[in-house]
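Commentary on secondary and tertiary structure
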Amino acid sequence: MKTKFSLILLLFFSLISWSQQIEVNGVVTSASDGVPLPGVSVIVEGTSRGGVTDFDGKYSISVQSGEKLSFSYIGFKTQTVTVTDQTTINITLEDDVESLNEVVVIGYGTQKKADLTGAIATVKSEEIERTPNSNVAQSLQGKVAGVQITSNGSPGDSPTVRIRGVGSYAAGNNPLYVVDGMFYDNIDFLDSSQIESFSVLKDASSISIFGQKGTNGVIIIETKRGSREQKPVFTYNGYTGFQNAQNVVKMANAEQFVTMAYESGSDADIEFVENAIQRYGRSRVNPNIPNVNTDWYKEVLRVAPITSHNIGVTGGSENVNYSLNASYFSQEGILDMKNEYERFNIQSSVDVKVSDRLKIGTNAIFSNATKYNPENSAWFQTYFAVPILPVYDELNVDADPIPFSDARVLGYRGSQNPFPVMTFNNNRLKIKKILASINMEYQIIPDKLKFRSAYSHDYSAISERNVRLPYYITENSQREVSSIRRANVAYSNQIWDNTLTYTDSFGDHNLTVVAGSSYRDEQVNDFSATGNNIQGIGLESSWYLNFADPTSFSNQVNEIGDRFYAMAYFGRAEYNYKNKYLLNATIRTEGDSKFPKEIWVTTPAVGLGWVLTEESFMQDNGIFDFLKLRASWGQLANGSLGDSSGTRTVSTITTAINDVATAGIISSSNYTDLEREILEETNVGITARLFDSRLSLEADYYVRDTKKLVIPVDQPIVSNTILENVGEMRTQGIEVAANWSQTLNENWSFSVGANIATLNNEMTKINSDAGYFDTGQAEFRQRSMVGEPIEAFYGWEVIGVYQNQEEIQNDPIAVANGLEPGDFKFRDIDEDGDIDASDRAVLGSYLPSFVYGGNLQVSYKQFDLSVSFSGQTGNDILNRKRGEVLFTNDTNMDADFAINRWHGEGTSNSYPSSAGRRKAWNQRMSTFFVEDGSYFRVQNIQLAYTIPSSKLGDNMPEVKLIFTADRPLTVFNYNGFNPEVSNGIDRETYPIPAVYTFGVNIKI
């Protein structure tokens, strides 16, 4: 692979000789009064080369023949000129509002920002490219109000993306990604350098035309395309760097661990410590502890490299434009095992103007990735591994092939060493994805009525090879028989869209009408087989099923398949009067094969806008350059639920009737005959530009109700649950985004922005006998009930720790439960003198109530500095790994507990004692295990220096040097690696590393 890229780079740099520089000068003036304009941005389109006009409106710039110069200035329309052989180009700019004429990609079309009535946010492609990671969705973190991104540190894994919280319990909450017209659940196959535009649709009115797949919000992505009459522009973007674990959890060291073992009063724990001393000797520093002090996190973590290369060319002639990109991405994981991700992408597009009326376009993306999954159980084992155990045990001479240690040798119940599962497990995925699309657009009535037909086909193939190698550590820690699991998943998704678009203006009236249909065909086939006892298991060439014992396949061969059809008809009307009064109305009727009870569903939406600055009373107001009020309402049908399915069963049981054991039968059903959930949302907002358009402002308030919410309902007698449409949920919030941009002089310019979003989620209706529904395990209960957030943490409230025996004797609850100093006090909510199930309450929610982000950009001559930050508050995390001591008593504990534990009167009023943490009384679900998940993060810092081609010599490219620090600092109080936990339950969370890279961008 590296050889291929060297050849590509050699070819690329050989093209440098094509360049021919021209020095262009001129003056930029205002069309309204002829006054020269200082500070006008003069940029070579498609590059970062450029400058600004001086105090007299003059500029000078080196360009190549055929390149385009773009002149932009706040409050004026942007103007573009193609350079041929002229050396003087004078420009006159017309008045305008900053970027409101910018076109935004929406469903099945585009629209000017000034005409939008819904909540739509756009993110520039350069913002996406700043973040070095395997999934471009991660780049949205902190950049869009109302969008919450929860990172995942494992290479190749996708982040959790929530737009305006959660809208469903059973159907998932990830948004719909629309890439060049094709629908995706994730975009792990895209490279950031391939993206041209990024639009986030948040409200029901904006989303409605996409139908039931877009219930959780829509992110529209357009990949790069060339421009007509553009000379070929060659680019290379690349970076390399490293990842480093941040905020590593500190665990109790050997001295702290031994101290707690003796404090616990457990004879077994004390015996295990003494066994370690006998086996490994005594510490020279403290002879009362073993001569072992293992920091297990230090052992399993590593500094990991990350690399990216992209080579592209865009261009076009009078009738054809094209784009071609090839990219390579490689990332190793910070878990010290075979854990990495490698991806090679090719993206191409060609648009042909066949005639004045007919256009044809094609687009293709090929992605070939290899991913080695980590053994996530290693994080769990690392957290619990005792520090008095070494990684290797040279006394373990019977171990094969590596003498790893085993805590069972000391008397512990588990091996506790994470290295066997990291070393002897190999899980590889080969992921191939192809997106191919073709579209035809015909102008039936030129510039008024056009017909567009687009066919897209996404084909994905995932091949899994999961190998379990044999090993022997001790009699109770071994794998005698090797195994291999092979699985192949093939996924096919076809979409055929046909639309008619009519656009017309008559007098002060402007109208655009879209009518269309969309057909979707999804297929999936999953085949898997597992074999044992692989011959020649030591050679990777033997890792195939034909090397397995033929008799081992019994009941280990499976195949499933499914096919899904959907058909939709939709229409949208966009109308404005004098660019002052705006109307956007959408209706969509959709039918699919998953809901036999209700095959077809129709959902409407409408949006209104009023541009106040077009009114006479707002003219020359001195503050607002543009002010628009927006309001929208719409319904969405959620079709992401599973198919209606289930079984009816007859069971024989024995029960007591009149104190006599009586046999009988019970007929039960878990059949789900579901309807689609209906999301109904109202959104009101403002869009404003102030102070000569230096300040831009977007603000929205929304209320979203999920009706016919699908939730689990208990089935009497048979202790079973089925999914039914018997709930309702409401989510509401406020979103505000503001940005200030200003050019100070020809050398200095800056911009600063911030966004905030509030979120309030609550159940409003549950039609079941219980009046609530539970999720999670009984020991770590989550409960959804009216007036509280969905899946809220539910348990007891700790109000202190018993300090002495007198306090115990004065409390009947403590006496009745045999408590001791160092045990928790729980709040007796019902004040009945007992702590039982009725004393439980809501302890918190994993959903943040406040999410924010911000950015600062400063440019000085050829230097550019950008800093972004993000954060959230109001959410809680269940520190389940700390609570898992409930199941595994003989384990280590984090240093926070070791330092703050109760070990005598007055030492702590919030942590139990070493002995107390082993008691069921203190292990129950409580506020001790539910922690604050708030955090503040410096999201990204980037410093860039552009070397103009003129400084490198004749016929040389423009070079940009870039240093990036991604997630270098996170501030939080949660006792874990990081506070980003998608469902709020931290048991085996892969740490999110900081990433430091150095990159080079070259344009020719």
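What you see is a predicted model; the values in this text were computed from it and never measured. (Residues numbered from 1 in each chain as written. Predicted model: local features only at pLDDT ≥ 70, side-chain atom pairs only at ≥ 80, totals over all residues. Heavy atoms only, no water.)

**As for helix α5 (residues 267-280)**
- In this model α5 runs 20 Å from its N-terminal to its C-terminal C-alpha over 14 residues, within 8% of the 20 Å that 1.5 Å per residue would give.
- Restricting attention to buried positions, one finds in α5 the residues D269, I270, F272, V273, A276, I277 and Y280. Along α5, the residues classed as buried sweep out an arc of 160 degrees about the axis, all on the same side. The exposed residues of α5 that point more than 90 degrees off its buried face are D267 and Q278.
- Taken together, the buried residues of α5 touch α4 (254-264).
- Looking at the residues trailing α5, positive phi occurs at G281, about 85 degrees. (Helix = DSSP H or I, 4+ residues; strand = E, 2+ residues; numbered from the N terminus. Expected span 1.5 Å × (residues − 1). Buried < 20%, exposed > 50% of the residue type's maximum accessible area, 1.4 Å probe, protein only. Arc of directions from axis to C-beta. Contact = heavy atoms within 4.5 Å.)

**Let's talk about the side chain of R302**
- By secondary structure assignment, the location of R302 is in the loop between α6 (296-300) and β18 (304-316).
- At a separation of 2.7 Å, a polar atom in the side chain of R302 contacts the main-chain carbonyl oxygen of G333.
- Aside from chain neighbours lying at most four places away, what touches R302 is Q243, E332, G333, I334, L335, D336, M337 and N339. (Polar contact = N/O pair within 3.5 Å; in protein donor to acceptor, adjacent residues only side chain to side chain.)

**What to know about the sheet that holds strand β13 (residues 176-179)**
- Strand order in the open sheet formed by 5 strands is β10-β15-β16-β13-β14, and the pairing between neighbours is mixed. Each of the sheet's edge strands pairs with one partner strand only, and the pair in question is β10 (120-123) and β14 (182-184). Pairs of neighbouring strands in the sheet enclose a mean axial angle of 25 degrees, with direction left out of account.
- Where β13 lies against strand β16 (residues 218-223), 4 bridges are found, and the strand directions are parallel. Residue V179 lies in a different strand from β16, and its bridge partner there is I221. (Pairing = 2+ DSSP bridges. Axes fitted to C-alpha atoms, helices over the stretch in contact; angles between N-to-C directions.)

**Topic: the sheet that holds strand β5 (residues 68-72)**
- Spatial ordering of the open sheet is given by β3-β2-β5-β6, a layout of 4 strands whose pairing is antiparallel. Two strands close off the open sheet at either side, each with one partner strand: β3 (50-52) and β6 (79-82). When strand polarity is set aside, the average angle formed by the axes of neighbouring strands in this sheet is 15 degrees.
- Bridge count between strand β2 (residues 41-44) and β3: 3 bridges; the pairing is antiparallel. Bridge pairing links S41 to V52 in β3.

**A word on empty space enclosed by the protein**
- A complete count under the given rule lists 13 cavities of 30 Å³ or more for this structure.
- Taken as a whole, the largest cavity holds about 150 Å³ of empty space.
- A breakdown of the residues in the lining of the largest cavity according to their chemical character gives 6 nonpolar, 11 polar and 2 charged. (1 Å grid on protein atoms, 1.4 Å probe; cavity = no way out; pocket = protein on both sides within 12 Å on 5 of 7 lines; lining within 4 Å. Points joined across faces, edges and corners; volume = space filled by probe spheres on them. Nonpolar A, V, L, I, M, F, W, Y, C, P; charged D, E, K, R; others polar.)

**Observations regarding the packing of aromatic side chains**
- Inspection of the entire model under this criterion finds 33 aromatic pairs.
- Note on F183 and F210: the rings are 6.2 Å apart at their centroids and 65 degrees apart in plane angle, and the pair reads as edge-to-face. On the criterion of sequence distance, the pair formed by F183 in strand β14 and F210 in the loop between α3 (204-207) and β16 is long-range, its members being 27 residues apart.
- The class of F183 is buried, set by a relative accessible area of 6%.
- Here F210 falls in the buried class, since its relative accessible area comes to 3%.
- Judged by centre distance (6.1 Å) and plane angle (40 degrees), the rings of F691 and W740 are tilted. In this pair, F691 is assigned in the loop between β34 (677-690) and β35 (695-715) and W740 in strand β36 (residues 720-743), connecting sequence segments 49 residues apart.
- The exposure class of W740 is partly exposed, given its relative accessible area of 26%.
- Connected via pairs of aromatic rings, a cluster forms that spans F824, F826, F897, Y911, W921, F928 and F929. (Phe/Tyr/Trp six-rings, centres within 6.5 Å; stacked < 30°, edge-to-face > 60°.)

**A few points about unusual backbone geometry**
- Residue P401 is bonded to the preceding D400 through a cis peptide linkage, with omega at 5 degrees.
- Secondary-structure assignment places P401 in the loop between α7 (377-384) and α8 (419-423).
- Positive phi values are uncommon outside glycine, yet N555 reaches one of about 65 degrees.
- Tracing the backbone shows N555 in the loop between β27 (509-532) and β28 (557-577).

**Regarding the nonpolar core**
- Ranked by internal contacts, the top residues of the largest apolar core, which has 92 residues, are Y297 and I388.
- Listed in part, the 46 residues of the second largest apolar core include I149, V178, F183 and F210. (Core = buried A, V, L, I, M, F, W, Y, C linked by side-chain atoms within 4.5 Å.)

**So, the pairing of strand β49 (residues 935-947)**
- In this sheet, β49 lies alongside strand β46 (residues 863-873) in antiparallel orientation, the contact comprising 10 bridges. Residue pairing across strands places S870 opposite R937, the latter belonging to β49.
- Bridge count between β49 and strand β50 (residues 958-972): 12 bridges; the pairing is antiparallel. Looking at the pairing, Y935 lines up with F972 of β50.

**Considering the confidence of the model for the chain**
- Model confidence for the chain is summarised by a mean pLDDT of 88, while 92% of its residues fall at 70 or above.
- Every residue in residues 1-19 is under pLDDT 50, and counting partners more than four places away or in other chains gives 27 contacts.
- Overall, residues 646-650 carries pLDDT values under 50, and its contacts beyond four positions in sequence, including any with other chains, amount to 15 contacts. (pLDDT = per-residue confidence, 0-100.)

**Some thoughts on the pattern of salt bridges**
- Scanning all chains against the criterion turns up 56 salt bridges.
- Residues R452 and E441 are paired through a salt bridge, measuring 3.7 Å at the closest nitrogen-oxygen approach. Here R452 is found in strand β23 (residues 449-468), whereas its partner E441 is found in strand β22 (residues 425-445), with 11 residues between them in sequence.
- Exposure remark for R452: the relative accessible area of 31% places this residue in the partly exposed category.
- Of the charged contacts in the structure, one is a salt bridge between R520 and E522, with a shortest N-O distance of 2.6 Å.
- The class for R520 is buried, based on a relative accessible area of 4%.
- In this structure E522 comes out as buried when scored by relative accessible area, which is 14%.
- Here the salt bridges share partners, and the residues they tie into one network are D185, K213, R520, E522, R588 and E590. (Salt bridge = Lys/Arg side-chain N within 4 Å of Asp/Glu carboxyl O.)

**Here we look at the environment of A548**
- Looking at the element boundaries, A548 is found in the loop between β27 and β28.
- Judged by relative accessible area, which is 4%, A548 ranks as buried.
- Residues A548 and S483 lie 65 residues apart in sequence; the distance between their C-alpha atoms is 7.7 Å.
- Among residues more than four places away in sequence, those in contact with A548 are G531, N532, N533, I534 and F553.

**A look at the packing of α4 against α5**
- Packing of α4 against α5 brings their axes to within 8 Å, and their N-to-C directions diverge by 145 degrees. For the pair α4 and α5, the sense of crossing is left-handed. Packed against α4, whose contacting residues are V258, A261, Y262 and S264, the element α5 presents D269, I270, V273 and E274 at the interface.
- Its residues assigned to classes, the contact of α4 with α5 comprises 5 nonpolar, 1 polar and 2 charged. (Left-handed = near helix turned anticlockwise from the far one by under 90°.)

**So, α7**
- Of all 8 residues in α7, 7 are buried; the element is thus mostly enclosed.
- By the burial criterion, the buried members of α7 are A378, W379, F380, Q381, T382, Y383 and F384.
- Tucked inside the fold, the buried residues of α7 contact α6, α8 and α11 (880-883).

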